Amino acid sequence: MLQLVESFRNAEGKPRQRVLASLGDADVPQNELKPIARAVEQRLRREESLWPVELSAEAAAWVVRIVRIAEQTRAVPLKPGTTHLDGVVVDRIRTDDVAGFGPHLVGLGAWDALGLSSILKRHGMSDERIALSQMMVINRLVEPLSEWALADWVNRTALPEMLGVEVGRTTKDRLYRTSDELLGYRKGVEQALREGERELFSLRRSIVLYDVTNTHFEGLCQRNPKAKHGKNKQKRNDCRQVAVGMAFDEHGFALAHEVFDGNMADTKTLAAMLERLDLGDEELRPVVTLDAGFASEENIRLLEELGCSYIINITRGSRSRYAEHFENETFVPLPGRKPEKQVEVKRIDDPENENRRLVLCRSAQRREKERAMISKAEERFLADGESLRERIEAGRLKKVEIIERKIGALFKKHPRVARFYKAEHKDHTLHLVRNDSKLDEALSLCGDYVLKTDKTMVAATLWELYMTLLEAEKGFRMLKGTLGLRPNFHQLGHRVDGHIFISVLAYHLLRWIGYRLETAGDLREWRTLRRLLGTHIVATTRLPLEDGREIFIRKPSEPDEEQQRIYTLLGIDFNRAYPPRKTEVTP
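Residues numbered from 1 in each chain as written. Predicted model: local features only at pLDDT ≥ 70, side-chain atom pairs only at ≥ 80, totals over all residues. Heavy atoms only, no water.

### With respect to the overall build of the chain
What counts here: Only DSSP runs of H or I reaching four residues or more are called helices, and only runs of E reaching two or more are called strands; each is numbered from the N terminus. Radius of gyration means the value over C-alpha atoms here, while the globule rule gives 2.2 Å times the residue count to the 0.38 power. Any pair of residues with heavy atoms lying within 4.5 Å of one another is described as a contacting pair.
Along the backbone of the chain there are 22 helices and 20 strands. Here the C-alpha atoms of the chain give a radius of gyration of 37 Å, more than 25% beyond the 25 Å that 2.2 N^0.38 yields for 587 residues. In terms of overall dimensions, the chain has C-alpha extents of about 125 × 70 × 50 Å along its principal axes. Considering only intrachain contacts with a sequence separation of at least 6, the fraction spanning at least 24 residues in the chain is 66%.

Here it is in structure tokens:
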């Protein structure tokens, strides 16, 4: 007699069977008994299948008839509440071990495109140290953290799997040793990158942009001989700092960098950078473009001795010197600019040197900005002066020498406008007398600036060359913000230099990404791309089977349309970057 039975375990856990339907001597096709049983089971469990059981017409009819008999006899139904799909217990499927992938993949793509692994291997670095270097640089690109936090961060990404490196609790010391070794190859690596980027993108370098920034330390940093008190660009003059000089080309690619003492004047750093770049051996000697902080006669003579052309902002202290030239109306407006952003320029021979030219510039936008800065500075100066006056009149300050020191401190605190005032302390009060003619002269020169050059191009072209210096400013903004140049928590000199070098290497990756996208017409910033790519992850999917086995499939998620577009523009094959991995666990 043919019966339909269900296997189950009783309360004691022993295997048992119960009859769901008795079919008597039904003439069921013997060669299709198992497919029929499977189809009946799916119907009774209310399961669906990706691959339906293939049955003959006769067998399919028997499936319908058997299911009807089982339902009419009100037999105990199969256990409900769990959905099965081709042997997989669907309700128990889960996804875990999620790891960051998208931005990190782009970072690795930039690293490989620049050939950094080959460069480091030529210098003798081991494969393990190269992989650790990749982790540190890509961390600085994606989410800058200290070495203490990097070990936890990297284990939440797919980098260890992609690079074949295990990261444990002791990795901090390995990272420090890797940073030390990496720093030892700095000059060779920067030279290789300088040449490699030029060949990779067929760059014609005609301009060198140089500027200096600084990074300060919260601690005393007594074991770093370069850490000195100096003029800090974040107004943290209470902290020790180091200065970082960096040269860029007109395309925004970094050429080299140097770390200087924190109290070194910007003008003193240029010679070291020119020596690093060795511009005298360049087939096409570029134009060196410098901001006002480097305008010294010594630097100009150095550039002339090297045979380098130059454009230098010499505005500081020179606007009043050339005031009469600014007064006449022979300026030429730059074409294509809105009235509120208009810039007028003219070129004259340098009255002090017949081989040099001056470009006088007048900027409407800069004029409004500088006048507003003077106005705000004057408000703050007068407010502090009024506070000091009240203390004197109230008798809280009585000794003349103390009052004079306070007046000196007031003028030192507000150098932008103190030059327009004179302080008079008499009759137990303080008078601040303004020199209106001097202030009016300064306001009339607001927005005016002077460039010095040895080039004989027209004024508009020289101005355009100078404005490429914005690429250097943009590079520093990226280093100080996006790439974690600040803050710097290290106390040892070589660790500080290593931290800076890793940020510089991250900038090389960032500029490769940016240049590839810019040439394709995509001008989005890295922070936007990083956010878009952040949802592209690697995850493990666990598939529990009916027979107790469990299948683990680890693979990246499917990138959305915008993510695929970014990968395509960068030439990254996301399909081959992380092949799916399948493992099976048997109970």
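### Here's the deal with the packing of aromatic side chains
Quick note on the threshold: For Phe, Tyr and Trp, where Trp contributes only its six-membered ring, two rings pair if their centres lie within 6.5 Å, and the inter-plane angle classes them as stacked under 30 degrees, edge-to-face over 60, or tilted in between. Each residue is placed in one exposure class: buried if its accessible area under a 1.4 Å probe, protein chains only, is under 20% of its type's maximum, exposed if it is over 50%, and partly exposed if it falls in between. Here, a charge over a ring means that NZ of Lys or CZ of Arg falls within 6 Å of the ring centre while also lying within 35 degrees of the ring normal.
The final tally for this structure, using the stated rule, is 11 aromatic pairs. Geometrically, the ring pair formed by phenylalanine 381 and tyrosine 421 is tilted, given 5.0 Å between the ring centres and 50° between the ring planes. Of this pair, phenylalanine 381 sits in helix H13 (residues 364-393) while tyrosine 421 sits in strand E15 (residues 421-426); the two residues are 40 residues apart in sequence, bridging distant segments of the chain. Where tyrosine 567 meets phenylalanine 574, the ring centres are 5.6 Å apart and the plane angle is 35°; that geometry is what we call tilted. Assigned by exposure class, tyrosine 567 and phenylalanine 574 land together as buried. Put simply, the rings of Phe201, Phe253 and Tyr515 touch in pairs and so form one group of aromatic residues. Directly above the aromatic system of tryptophan 148 lies the positively charged group of lysine 172, at a separation of 4.4 Å from the ring centroid. The ring of tyrosine 578 carries arginine 581 above its face, with NZ or CZ at 4.3 Å from the centroid.

### With respect to the pattern of salt bridges
Rules: Each salt bridge in this description consists of a side-chain nitrogen of Lys or Arg and a carboxyl oxygen of Asp or Glu lying within 4 Å of one another.
Following the criterion strictly, the structure yields 35 salt bridges and no others. The closest approach of N and O atoms between glutamate 181 and arginine 129, which form a salt bridge, is 2.5 Å. With glutamate 181 in helix H8 (residues 171-184) and arginine 129 in helix H5 (residues 127-142), this pair connects stretches of sequence that are 52 residues apart. Across the pair glutamate 562 and arginine 565 runs a salt bridge whose closest N-O atoms are separated by 3.5 Å. Remark: arginine 565 and glutamate 562 occur in helix H21 (residues 561-570); sequence separation between them is 3 residues, near one turn of the helix.

### Quick notes on the sheet that holds strand E18 (residues 537-544)
So the rule is basically this: A pair of strands is labelled paired if DSSP reports no fewer than 2 bridges between them. Simply put, an axis is a line fit to the C-alpha atoms, just over the touching stretch for a helix, and the angle between two N-to-C directions goes from 0 to 180 degrees.
Spatially, E5-E18-E19-E20 is the arrangement adopted by the 4 strands of the open sheet, whose pairing is antiparallel. A strand with exactly one partner marks an edge of an open sheet, and here the two such strands are strand E5 (94-100) and strand E20 (581-585). Looking at each pair of strands side by side, their axes are set apart by 15° on average, direction ignored. Across 5 bridges, the pairing between E5 and E18 is antiparallel. Across the sheet, aspartate 96 pairs through a bridge with threonine 540, a residue of E18.

By themselves, these observations are geometric and do not establish any function.
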